[in-house]
Each structure stands twice: as structure tokens, then as C-alpha cells.
Amino acid sequence: MAQEEDAVIRLMQQSDGVGAAMAALPYTMRTGLNARSLGTAGRRICCSKNDGIVVNPVTVAESEIDKKVERFRGWLRSMGHEECNLKLQKCPGNDPAQGYGMVAGPGGIHKGRVVVKVPRRAFLSEETARNCPLIGPLAKRAALSTWQIMCLHLLCERARGQQSPWFSYICLLPFEIELVGAHPLLWPQRMRREWLAGSPMLDIIERRLQNCREDHEALIAAGASELMPVGTGSGGFITEAAVRWAAVILLSRAFSLDLEEQVQGPVEFYGRSIALVPWADMLNHCSSAGKDSCLAYSRVSDVATLRAHKSYTEGEQVYDSYGSNLSASQLLLDYGFVDQENQNHAVDLPASVLAPLKSKSNAILLEAVGLSISRSIYTLTPLGVDESVLAWTRVAVASPRELVDAGWREDSRGASSAMVYFSKPVSRENESEVVRRLLWACEALLNKYPTTLEEDTAMLVASDNTCNQVVSLPWARKQALRALISEKLALRGAQRVLWQRLQKLRSGLSLDLLEIQ
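Sequence order sets the numbering: in each chain, residues are counted from 1 along the sequence as written. Owing to the predicted nature of the model, reporting of local features is limited to residues with pLDDT of at least 70; listing and counting of side-chain atom pairs is limited to 80 or more, with chain, interface and lining totals taken over all residues. Think of the side-chain values as coming from all heavy atoms in the structure, minus any hydrogens and water.

Colleague: Just give me the short version of the overall build of the chain, but keep the residues and values in it.
Modeller: Looking only at helices and strands, the chain has 17 helices and 16 strands in total. In the chain, the proportion of contacts linking residues at least 24 apart, taken out of those at least 6 apart, comes to 75%. Using the Shrake-Rupley algorithm and a 1.4 Å probe, accessible areas are obtained, with residue cover drawn only from the displayed protein chains. Looking at the chain as shown, the accessible area adds up to about 21200 Å², and 52% of this sits on carbon and sulfur atoms. Secondary structure elements follow DSSP: runs of H or I no shorter than four residues count as helices, runs of E no shorter than two count as strands, and numbering proceeds from the N terminus. Throughout, a contact is declared for two residues whenever any of their heavy atoms are within 4.5 Å.

Here it is, written out as C-alpha cells:
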């Protein structure tokens, strides 16, 4: 599967008010006011508000760190950057991805105040890649995807060392060895298979690893390893391990902004442009920040800005949002952590678990609206599933007579109107089969996990108990447990709602009165 095909997490197919939130692929995108992104630029990957790690200006006064930070600040100032009363500090702690964070300066910061103001000149983006005399021609000649171009751009700038315009920024990025125990994409095979056993997250990671292998092969085939002259990493800077590192950096740090670039080839990431935004990425995530604290890019001023979602006192760490509705699984897969404030319980499942389709005609209809069974997923939450997922499943199990009633004649021109027809229950038999398949999927997934919700919760509570000297879990293991608990809460809640719906159907309740509570 091409890398760009795995960049979009949820493709909404709109047809006369009927949204089918089914087609999806592995890379989540961080949402902003005018941007959906792949991550957050410059922030540390595995630390969040509730991990007991705070920024202490006294304990982080290490000379080498100070030099890197000051060099970085000086470079940004030369770009016209304003620090907006934020101070960049090294965050102390025992987690494997110990990194940087932002604290409020003298007088603190008031709610709604602009705390990030980064000029476009500082961005490392697809635009700067295509304008690079080394990368641009090669990317065009080899028809590299946007994702591959950005991976190559990042690796080239790292290999260039002090010759890179982004040298001061790249020096603050974590090395591969620092991320091995921090990000799931770099976890050893045994670790990820043991810690995520039974979870759909494991399949997503395996697909992403395959994508990395394919991207590495594509870059080598394009001649990317010959870009750097001998002595600056030639032949060694485009390795499979390096491509995985670049993927982790982009997943956890890159924004997808509406820069109005003239992108060649197919439009990716909803037509937005991937960009690393130095300084903005140093802010850590807090789920309570919400959409009020997401990065926004202005094409008028050519500046990316972000506002404080609350007031901060001097010395207090300032947070932003990586996305207001990110689930625990999405946080773990993209950023390597799950903050304790996150209550967006959800689990994504491939539509194939709802198979088989009733007939070839059903499959053709779903394919006509871009929601084939092989490339679609659906999301379960404690509230069940949304109407778009119900509509998809109604089509999947529809009888020939029901397809005819919907106006479907295997003509793609009638696909939209047919989906509108299935946006509501079409028969008691159809709706009962829809609910039964969804219930079966919940039960099947819960049975795949080697541990129960109660066992996971007990293990996490015991580990979080500071007085407990017997149960001690690695930091990354606790993040995995939080994500697993969230998935199981979503499945348990969905089961309850779906059973209620099935009971209503069995009671003879009118289809017009049927609704998910």
C-alpha cells in the first residue's frame, strides 16, 4: 500500500447529508483551526500533563542543553520569531522520551493570549523540499509521495549537519536510541506484540512498519542515498531505521497546514501541506485544551499562531492540543503516550469484521461511494456507532429487494441517492442483522484480548500506587495499558447500547422511533 494511502485517518464521504465515516487509513492527523496534522512539531513525544513531570528551571540548567536552546532561540529570532512570554526548558523525569516543554514567563499568561507566533520562513515543509536543488528534481523525477518527500527532506537536513538552515532545530530532535522505548513504531517486536496483544493497534503498527520498508525502498530506488557527498553520511543516511525515525518525527511533530502550495501529483492529506513548525512543536499536549489551543496558519501574515486555552502562572508549563477528539489509541500510536485526562474512548475496527457482504451488488455500491470493505474501518465508542456506520452496514446486509427499493442498479450515478435511502432503517430484518453483526464484532474483539478490562485496570492502579514496591511497570507499558483500557471501555459501552437497540427491535418498536441512545 502506498504511503500516501495510509495518511488519512478518516475520510468522510458526504452525500446529501449522509456521512459515511468509514474509509480510513493508518496515520492520524492532528486537528487545528485551519489545519489537520500528523502530529505536533517539536514537542516531546512521550510526556503529558498528568505524568507527574514538571518543568523545573533549576534542575535543567545543564550547560550543553542551555547552549542548544540558546542557539535555537537565536536562529528563530533571526527568522522574525516572537517568543510571546514562553520559555523553552528541558523537562526532567524518568520516562524514556524526556524532552522539552514550554513554561510561562514573568507575569504569567492570560487565557486567549497568543503564545505561539512562528513565521513561515522557519517551517520545514513540502514547499522547502520541492524548492531544494537536491530534493526537488529527484522527488519530481521519481514521483515520490508527499510523505516520502518529507522523510527525505528531514533525513537530508540531518545529514547536512551545520550546513542545514534547520541545524539548530534538528539538534533538539531526539535520536533513534532515545525513542526506542518511547514510540510504538520503534518498540521491539516482542514488546509490541506482548503489550498490544489482541488490539487493532497492533495491526496498524505492523502496516506502518511495512510502509516504512516500502518508503525506504522507494527512496533508495530514486537514488536518494547519492544526494549527500562522501563524508556527510553518504550511503548511510537513508537506512530503514532512519526512515522509521523520520516517520516517528513526522507522526509526532508535523502539522498539516493550508499553505496553498502548488503540490504536484495527487492531492494528499485533504490537500493540505505537511510542515514541521519549530517552537510550536515544543508545547506538550493536554486533552482538556481542546480546539481553543490548536495551531492556526494565516496566509495573510504568513505566520502560524496558537492561543492559550487557560491562564498560566509564571513558571507553569503551558500546553496545547494535538487534537480535541483524539482517542487514547490515536495518542499512543502517533505520539507514544496517553494523558490521564483523555476520556475519548474509542476503538477502530476494519469493516471486514462485518463480512460477508450479501452479494456482489452490495459490494459494487459500497465501492461506488469509496467505502469498499477492504479499505474501510468503523469506530465504536461507548455510545455505539454513528448513523454513517449504520448506513454502511445496512448496505452490506441489504437484500436484492432492498437494493432495488433504494434505486440501486449497479450504476455509480445512483450510488449517492441509494446511500441516502439506507441512512434510515429499511426493514426490521435488515436492522436486526446490522445490530447482530456489530454485537458479534464487539464480542469477537473483546475475546481476542488476553486480559480483561478489570485485570488491566487493576494492574495500572497497582503500578500507579507509589507505595507499591512489588508492581512496577515500564513507563511505555503504562501508556499501552491506558490505551487498552480505553478500547475495552468503548467496546463494553457499545455492547450495552447495541443490546438496547436489539431489544427495541425485538419488542416490535416502530422503525421510525428507533434510535441509539
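Colleague: Give me the lowdown on the packing of aromatic side chains, citing residues and values where you can.
Modeller: Stacked, tilted and edge-to-face pairs are distinguished by plane angle, under 30 degrees for stacked and over 60 for edge-to-face with tilted covering the rest, among Phe, Tyr and Trp rings (Trp via its six-membered ring) whose centres lie within 6.5 Å. Going through the model one piece at a time under the given rule, you end up with nine aromatic pairs. In textbook terms, an aromatic cluster arises when at least three aromatic residues are bridged by ring pairs, as seen for Phe 72, Trp 75, Tyr 169 and Trp 279. Lysine and arginine charges are scored as sitting over a ring when NZ or CZ, respectively, is within 6 Å of the ring centre and within 35 degrees of the ring normal. Above the plane of the ring of Trp 245 lies Arg 158, whose end atom (NZ or CZ) is 3.9 Å from the centre. Sitting over the face of the ring of Tyr 449, Lys 488 holds its NZ or CZ atom 4.5 Å from the ring centroid.

Colleague: Just give me the short version of the nonpolar core, but keep the residues and values in it.
Modeller: In terms of nonpolar packing, the biggest core is built from 146 residues, with Val 116 and Leu 152 touching the most fellow members. At 11 residues, helix H17 (residues 475-506) tops the list of elements feeding residues into this core. Apart from residues lying up to four places away in sequence, Leu 152 is in contact with Ile 135, Leu 138, Leu 144, Leu 219, Ala 224, Leu 227 and Ile 238. Definition used in this section: a nonpolar core is a set of buried Ala, Val, Leu, Ile, Met, Phe, Trp, Tyr and Cys residues joined via side-chain atoms within 4.5 Å. Only protein chains enter the area calculation, which uses a 1.4 Å probe; residues under 20% of their type maximum are buried, those over 50% are exposed, and those in between are partly exposed.

Colleague: Break down the sheet that holds strand S13 (residues 303-307) for me, with residues and values.
Modeller: A pair of strands counts as paired when DSSP detects no fewer than two bridges linking them. Taken in spatial order, the three strands of this open sheet run S7-S13-S12, and their pairing is antiparallel. A strand with exactly one partner marks an edge of an open sheet, and here the two such strands are strand S7 (114-119) and strand S12 (296-298). Here the average twist between neighbouring strands, direction ignored, is 25°. Where S12 lies against S13, three bridges are found, and the strand directions are antiparallel. Geometry is summarised by axes, namely lines fitted to C-alpha atoms with helices restricted to the contacting stretch, and by angles between N-to-C directions that run from 0 to 180 degrees.

Colleague: So what's going on with helix H12 (residues 387-397)? Which residues, and what values?
Modeller: The element H12 is largely enclosed, with a buried count of 10 among its 11 residues. Listed in full, the buried residues belonging to H12 are Ser 388, Val 389, Leu 390, Ala 391, Trp 392, Thr 393, Arg 394, Val 395, Ala 396 and Val 397.

Colleague: Account for unusual backbone geometry, naming residues and giving values.
Modeller: Look at the link from Ala 355 to Pro 356: it is a cis peptide, with omega at 5°. Mapped onto the secondary structure, Pro 356 falls in the loop between strand S15 (347-350) and helix H11 (360-368). The phi dihedral of Ala 143 falls on the positive side, at around 55°, and the residue is not glycine. Looking at the secondary structure, you find Ala 143 in the loop between helix H3 (135-142) and helix H4 (146-160). Since its relative accessible area comes to 63%, Ala 143 is described here as exposed.

Colleague: Explain the sheet that holds strand S14 (residues 317-320) to me, and be specific about the residues and the numbers.
Modeller: In a beta sheet, neighbouring strands pair by backbone hydrogen bonds and run either parallel or antiparallel. Read across the open sheet, the four strands follow the order S5-S6-S14-S11; overall the sheet is mixed. With partners counted over all chains shown, the strands left at the sheet margins are strand S5 (86-90) and strand S11 (284-285), one partner each. Both strand S6 (residues 100-104) and S14 contribute to a ladder of two bridges, which runs antiparallel. The residue bridging Met 102 from the neighbouring strand is Val 318, located in S14.

Colleague: Give me the lowdown on a nonpolar patch on the surface, citing residues and values where you can.
Modeller: Patch definition: residues above 30% relative accessible area lacking any salt bridge, with like charges linked at up to 9 Å and the nonpolar side chains Val, Leu, Ile, Met, Phe, Trp and Tyr linked at up to 5 Å. Salt bridge, as used here: a side-chain nitrogen of Lys or Arg that lies within 4 Å of a carboxyl oxygen of Asp or Glu. Residues Phe 175, Ile 177 and Val 180 make up a contiguous nonpolar surface patch of roughly 300 Å² in combined accessible area. For Ile 177, a relative accessible area of 67% gives the class exposed.

Colleague: Lay out the pattern of salt bridges in plain terms, naming residues and giving numbers.
Modeller: Counted under the stated rule, the structure contains 24 salt bridges. The shortest N-O distance in the salt bridge between Arg 130 and Glu 126 comes to 2.8 Å. Taken together, the residues span about one helical turn, with Arg 130 and Glu 126 both in helix H2 (residues 126-131) at a distance of four residues. Via salt bridges that share partners, Glu 70, Arg 73, Arg 77 and Glu 83 belong to a single interconnected network.

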